[in-house]
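Chain by chain, the residues:
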Amino acid sequence: MQEKKKVTPASPQKQCKDIRTGLSVEAIRKSVLDNLYFLLGKVPHSATKHDWYMALAYTVRDRLMRQWTRTLQNFTEDLTVVAYLSPEYLMGPQLGSNLLNLGIYDEALQALQGLGIDLDELIGQEGEPGLGNGGLGRLAACYMDSLATLEIPAIGYGVRYEFGAFGQEIRDGWQAERTHKWLLSGNPWEIPHPEITYNVNLGGHTESRYDEQNDFRVRWTPKFSIKGVAYDTPLPGYKVGTTNLLRLWKAESVESFDFEAFSMGDYFGALNEKIASESIGKILYPDDEPYAGKHLRLAQQYFFISCALQDMVRLHILRWKNINDFSNSFSVQLNDTHSAIAVAELMRLLVDEHLVSWDRAWYITQDTFSYTNHTTLTEALEKWPVPLFAGILPRHLEIIHEINRRFLDEIWLKYPDNDTKVSRLSLIDESDQKYVKMAHLASLGSHIINGVSETHSEMLKETLLPDLYELYPERFFSVTNGVTPRRWVLLSNPRLAALITDTVGDQWTSRLEEIKQLESYASEPALIKKWQQVKAENKSDLAGIIRDRTDIPIDPDTLFDIQMKSFHEYKRQYLNLLHIITLFNRIRKNPKADITPRTFIFGGKASPGYFIANLIIKLINSVAEAVNNDPDVSGRLKVVFFPDFNVKNGQKIYPAADLSEHISTAGREASGTGIMKCSMNGALSIGTLDGANMEIRKEVGDENFFLFGLTAEEVNAIKTQGHNPMTYYNANPELKGAIELISSGFFSPKDLNLFKPLIDSLLCRDEHLILADYQSYMECQERVGKAFRDRKKWTRMSILTVARMGKFSSDRAIREYCEKIWRAKPLKIDLDDT
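This write-up is about the structure you can find in this document. Since we're looking at a predicted model, the values are computed, not measured. Here the residue numbers are simple positions, counted from 1 along each chain's written sequence. Per-residue local features of the predicted model are confined to residues with pLDDT of at least 70, and side-chain atom pairs are confined, for both listing and counting, to 80 or more; whole-chain, interface and lining totals are unaffected and use all residues. Only hydrogens and water are removed before side-chain values are computed, so all heavy atoms of the structure are retained for them.

### Comments concerning helix α4 (residues 95–102)
Formally: Whether a residue is buried, partly exposed or exposed follows from its accessible area with a 1.4 Å probe, protein chains only, as a fraction of its type maximum: under 20%, in between, or over 50%, in that order. Numbered from the N terminus, helices here are DSSP runs of H or I no shorter than four residues, and strands are runs of E no shorter than two. Contacts: residue pairs with any heavy atoms within 4.5 Å of one another.
Counting buried residues in α4 gives eight out of eight residues, a clear majority hidden from the surface. Along α4, the positions that sit buried rather than exposed are Leu-95, Gly-96, Ser-97, Asn-98, Leu-99, Leu-100, Asn-101 and Leu-102. Buried-residue contacts for α4 involve α3 (49–73), α5 (105–113), α6 (119–125), α7 (135–149), β8 (224–236) and α20 (485–491). Positive phi shows up at Gly-103, right after α4, with a value of about 75°.

### As for the nonpolar core
Our working definition: Here, the term nonpolar core denotes a set of buried Ala, Val, Leu, Ile, Met, Phe, Trp, Tyr and Cys residues that are joined through side-chain atoms within 4.5 Å.
Counting residues in each nonpolar core, the largest one holds 118 residues, and the members touching the most others are Leu-85, Trp-249, Met-312, Phe-389 and Ile-403. With 11 residues, helix α10 (residues 291–318) is the largest single contributor of residues to this core. Contact partners of Met-312, with chain neighbours within four places excluded, come to Ala-83, Leu-85, Tyr-157, Phe-326, Phe-330 and Val-332. Membership of the second largest hydrophobic core comes to 61 residues, among which are Tyr-610, Val-623, Phe-755 and Leu-758.

### Notes on the sheet that holds strand β18 (residues 598–603)
In plain terms, the rule: Paired strands, in this sense, are two strands between which DSSP finds at least two bridges. The axes are straight lines fitted to the C-alpha atoms, using for helices just the contacting stretch, and the angles between their N-to-C directions are given from 0 to 180°.
As summarised here, the arrangement of the six strands in space is β19-β18-β17-β20-β21-β22, forming an open sheet in which the pairing is parallel. Looking along the sheet, the strands with just one partner apiece sit at the ends: β19 (637–642) and β22 (705–707). Recorded for the sheet is a direction-independent mean angle of 20° between the axes of neighbouring strands. Inspection of the sheet shows strand β21 (residues 684–687) paired to β22 by three bridges, in the parallel sense. Bridging from a neighbouring strand, Ser-685 pairs with Phe-705 of β22. Where helix α24 (residues 611–628) meets the sheet, it contacts β18 and β19, and its direction lies at approximately 145° from that of β19. Together, β20 (659–662), β21 and β22 form the strand contacts of helix α33 (residues 791–803), whose direction differs from that of β21 by roughly 85°.

### Focus on the sheet that holds strand β13 (residues 428–429)
Ordered by their spatial adjacency, three strands build an open sheet running β12-β14-β13, and the pairing between neighbours is antiparallel. For this open sheet the edge positions go to β12 (383–385) and β13, each flanked by a neighbour on one side alone. The pairing of β12 with strand β14 (residues 435–437) spans three bridges and is antiparallel. Bridge pairing in β14 places Trp-384 opposite Val-436.

### A short note on empty space enclosed by the protein
Note the threshold: Lining residues are defined by having an atom within 4 Å of a point belonging to a cavity or pocket. Those points lie on a 1 Å grid over the protein atoms alone, cavities being sets where a 1.4 Å probe fits but cannot get out and pockets being open sets with protein on both sides within 12 Å along at least five of seven lines. Grid points are joined across faces, edges and corners, and a volume is the space filled by probe spheres set on the points.
Taken as a whole and assessed by the stated rule, the structure comprises eight cavities of 30 Å³ or more. Taken as a whole, the largest cavity encloses approximately 140 Å³ of empty space. For the largest cavity, the lining is made up of 14 residues, of which Met-91, Gln-94, Ser-97, Ala-141 and Asp-145 are closest to its centre. Sorting the residues of the lining of the largest cavity by element identifies α4, α7, β8 and α20 as the ones contributing at least two each.

### A closer look at the layout of surface pockets
Where empty space is left can be seen by rolling a probe of water-molecule size over the atoms. Going by this rule: Charged means Asp, Glu, Lys or Arg here, nonpolar means Ala, Val, Leu, Ile, Met, Phe, Trp, Tyr, Cys or Pro, and polar covers whatever is left, Gly included.
A volume near 990 Å³ is recorded for the second largest pocket. Those elements that provide at least two residues to the lining of the second largest pocket are α4, α5, α6, α20, α21 (494–504), α22 (525–550) and α25 (647–653). Here the residues of the lining of the second largest pocket are counted per class, giving 15 nonpolar, 11 polar and 11 charged.

### Here's the deal with the pattern of salt bridges
Two side chains carrying opposite charge are able to pair once their charged atoms lie near each other. Spelled out, the test is: A carboxyl oxygen of Asp or Glu within 4 Å of a side-chain nitrogen of Lys or Arg is what we treat as a salt bridge.
If you walk through the whole model with that rule in mind, you get 57 salt bridges. The residue Arg-395 makes a salt bridge to Asp-352 at a minimum N-O spacing of 2.7 Å. Of the two residues, Arg-395 sits in helix α15 (residues 394–414) while Asp-352 sits in helix α12 (residues 342–353), which places them 43 residues apart along the sequence. Through salt bridges with shared partners, one network takes in Glu-169, Arg-171, Arg-178, Lys-605 and Asp-644.

### Regarding the pairing of strand β1 (residues 81–85)
Counting buried positions along β1 gives five out of five residues, so the element sits mostly inside the fold. Judged by which residues are buried, β1 turns out to be covered on both faces: Val-81, Ala-83 and Leu-85 on one side and Val-82 and Tyr-84 on the other are all buried. Where β1 and strand β10 (residues 330–335) come together, five bridges link them in parallel fashion. Within β10, the residue paired with Tyr-84 across the bridge is Gln-333. Alignment of β1 against strand β2 (residues 154–159), held across four bridges, turns out to be parallel. The residue of β2 that forms the bridge with Leu-85 is Tyr-157.

### A look at the pairing of strand β17 (residues 559–564)
Applicable threshold: Orient the strands so they point away from the viewer; a crossover is then right-handed if the path from the first strand over the helix to the second runs clockwise.
For β17, the buried fraction is high: six of the six residues fall into the buried class. Alternating residues of β17 divide into Leu-559, Asp-561 and Gln-563 and Phe-560, Ile-562 and Met-564, and every residue in both groups is buried. Here β17 runs beside β18; their pairing, made up of six bridges, is parallel. Paired with Asp-561 across the two strands is Phe-600, which belongs to β18. Crossover connection from β17 via helix α23 (residues 573–589) to parallel β18: handedness right-handed.

### Points about the side chain of Thr-665
As a reminder, the rule being used: Polar contact is defined as a pair of N or O atoms within 3.5 Å, subject to the rule that within protein one atom must be able to donate a hydrogen and the other to accept it, and that residues adjacent in sequence are counted only when both atoms are side-chain atoms.
Position of Thr-665 relative to the elements: it lies in the loop between β20 and α26 (674–680). A distance of 2.8 Å separates a polar atom in the side chain of Thr-665 from the backbone oxygen of His-768. If sequence neighbours within four positions are ignored, Thr-665 has contacts with Tyr-570, Arg-572, Asp-690, Val-715 and His-768.

### A short note on the environment of Thr-688
Among the secondary structure elements, Thr-688 is positioned in the loop between β21 and α27 (693–700). Given the relative accessible area of 0%, Thr-688 is considered buried. A C-alpha to C-alpha distance of 35 Å links Thr-688 and Val-82, two positions 606 residues apart in sequence. Once residues lying within four places of it in the same chain are set aside, the contact partners of Thr-688 are Arg-572, His-662, Ile-663, Ser-664, Ala-666, Asn-693, Leu-707, Phe-708 and Asp-773. A distance of 2.7 Å separates a polar side-chain atom of Thr-688 from the backbone oxygen of Ser-664.

### Some points on the packing of aromatic side chains
Our working rule: Think of it this way: a Phe, Tyr or Trp ring, Trp meaning its six-membered ring, pairs with another when their centres are within 6.5 Å, and the plane angle makes it stacked under 30 degrees, edge-to-face over 60, tilted otherwise. A positively charged side chain is recorded as over a ring if its NZ (Lys) or CZ (Arg) lies within 6 Å of the ring centre. The angle to the ring normal must also be within 35 degrees.
A complete count under the given rule lists 18 aromatic pairs for this structure. Relative to Tyr-654, the ring of Trp-488 has its centre 5.5 Å away and its plane inclined at 75°; by these criteria the two rings are edge-to-face. Residue Trp-488 is located in helix α20, and its partner Tyr-654 is located in the loop between α25 and β20; the two are separated by 166 residues in the primary sequence. Taken as a pair, Trp-488 and Tyr-654 share a single burial class, namely buried. Considering the side-chain rings of Phe-746 and Phe-747, the 5.1 Å spacing of their centres and the 85° angle between planes classify their relative orientation as edge-to-face. Look at Phe-747 and you get buried, because its relative accessible area is 6%. By way of ring pairs, the aromatic residues Tyr-84, Tyr-143, Tyr-817 and Trp-822 are connected into one cluster. Note that Lys-383 overlies the ring of Tyr-435, its terminal NZ or CZ placed 4.7 Å from the centroid.

The values reported here are purely geometric and, on their own, carry no functional implication.
Structure, rendered in structure tokens:
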């Protein structure tokens, strides 16, 4: 008889390690139950879906911590860490993304199935983090994903907003804002660090003196101080050992409770400092129209910048390095002008706190910072009134004046008789009341300035910062934006991701250029059929979601025409509406008109104080009500406004899009990443020669892009010569008919003049040349409708579009930043050693 082998039970330490960090199905199952019992105090039979979500999230976080702690250990090594300074990070829900990046999605699925739990339902439980609002924040999130995936040590710094951007509801067709209480049910991904805090000073006055070495010194005596407390979120790369750090700062009062005031009966006054301090981190982008709003926004920007730089200095010193070597430890990227105050703050820390000489401090500062500009118009470049600036940051204003004095001394020598050029280059705008020009501060204080598309980078040189380009041409670079294919295809569109992988392998997930192999299969009937099936299923899913959210039934067989963007006049949702109304008029005149059936899907938010943008949302919903309820239109046109557009909702919408609209006035969009997400999911695009549209058209092929409209040069020529909107209005009967239907009150029977401001904006000004581009847009849309009827050809165009999107991965963009700008190199963290 064969002797039985003695089985030695695993040690308690080994069992604990398996439960906390094991990647097997059984380890994950036990960990979920462990967290449900001991962290949440719940038992399976009474646990809610949210309880199960939290238990799974903590289980995933345990596995993240294994990689994160090892990565953080290497932050003390002799390498350059990228620090990304951004006021927003539009992260989206983290559970699904983290499961994919850790490579345990299938294991988690099986573990939960064994417990009778649906993973998709738990992923659906997670809300949208209130840390961002638009393209700037989504770009930052994509870049953090790519930094970790490419194994570049990095820290993202920002604000831990309590409410962030508002949630959007539609009431009687109008946008209604609701408080986004995203932290109400807890955030399992963040790790508070009450031991990592920094005081941030505001207001007060300065005093100057000469010290014992006869060096000039300045002491800042603030009026008010705020405490920043670190909250960390681990951000894993895709199937690598690197897990980077998102460090957000929560604003708290230095003294949260005035015991003396409370004892004297001033019960509310005892909390005044706490209320004032915490207001800094309440919401993203407070309205800066009123003076108080400007004050709060500038204080908010400085708050997170000061915390971030103080933190970097601390980490640098922990490496036992001299402060003079700071720029060798950190390469700091300023994500637009919202972070520009960092230039003055680092100078303050070096000169005032660490007693570095001015010249050496300025060298360190310029060597540390690089600046990404996201603006297309000179008048849109951020600037702050000098009196406001002086009241909040008196020491920083002195530093800016000194930077400006030294800079202009050099300029005077170079251009002794050109006062106009000197005035343009100055950091202080002397026209009207004085302003601090933040884009100029960021540009002067950085060693590299980059645009976010090829056309935008040329605009920087030619129209936005031409004088600085003339002085420092070697500082200007172009890095076209990109988005992460992990979030926007692999997670958002698993059906398409599986089909691509089955066809060309899975290398595309981390090297998107490999997806080009799809080209050779684009005409194969088997792939075309499967591609169409994937799109049909995605559209059916979205149709169900739209029915649930809006109570509007839509036909998945129609062309899904989407425009998902924040609302601004230059993005021209109005032009899209004029097309819809024109089609509506054609059907009303001829119910048998031959029109390709379409479902128009809008989404996006308008700034609460932006009246015209809010009125456009109302008009969309009013048009939808009329179109969707007209029996002659039934089956041919539907209009939907999808409320509260965000990352979570975008993951449902982009995979279902047939056509995506990127129709801004040429020369107004710096880049635009929405078109990249749509194109990666197989949508064809209609657009102008604006932003990233031009580069995408070049990559996918002219024949796979629906181009219309004026060029940027033609736009400038029309505006220079004088634009008369009535010329286009009177010359085009269909355009006139569409506008007259709006002005007649057809879409607003209870208030015939409701949309008069929109009509007036078109006929009196038409600043964004909607009428000038109308006919070209209509003709292009005719080509779209005809192309969609040939489903085989349309599908082939869709496949080729996806196959040629390799350039627009955020991985490519980060590689360019590392090579051209940051001097950052990957540091491999071996998973086996963690």
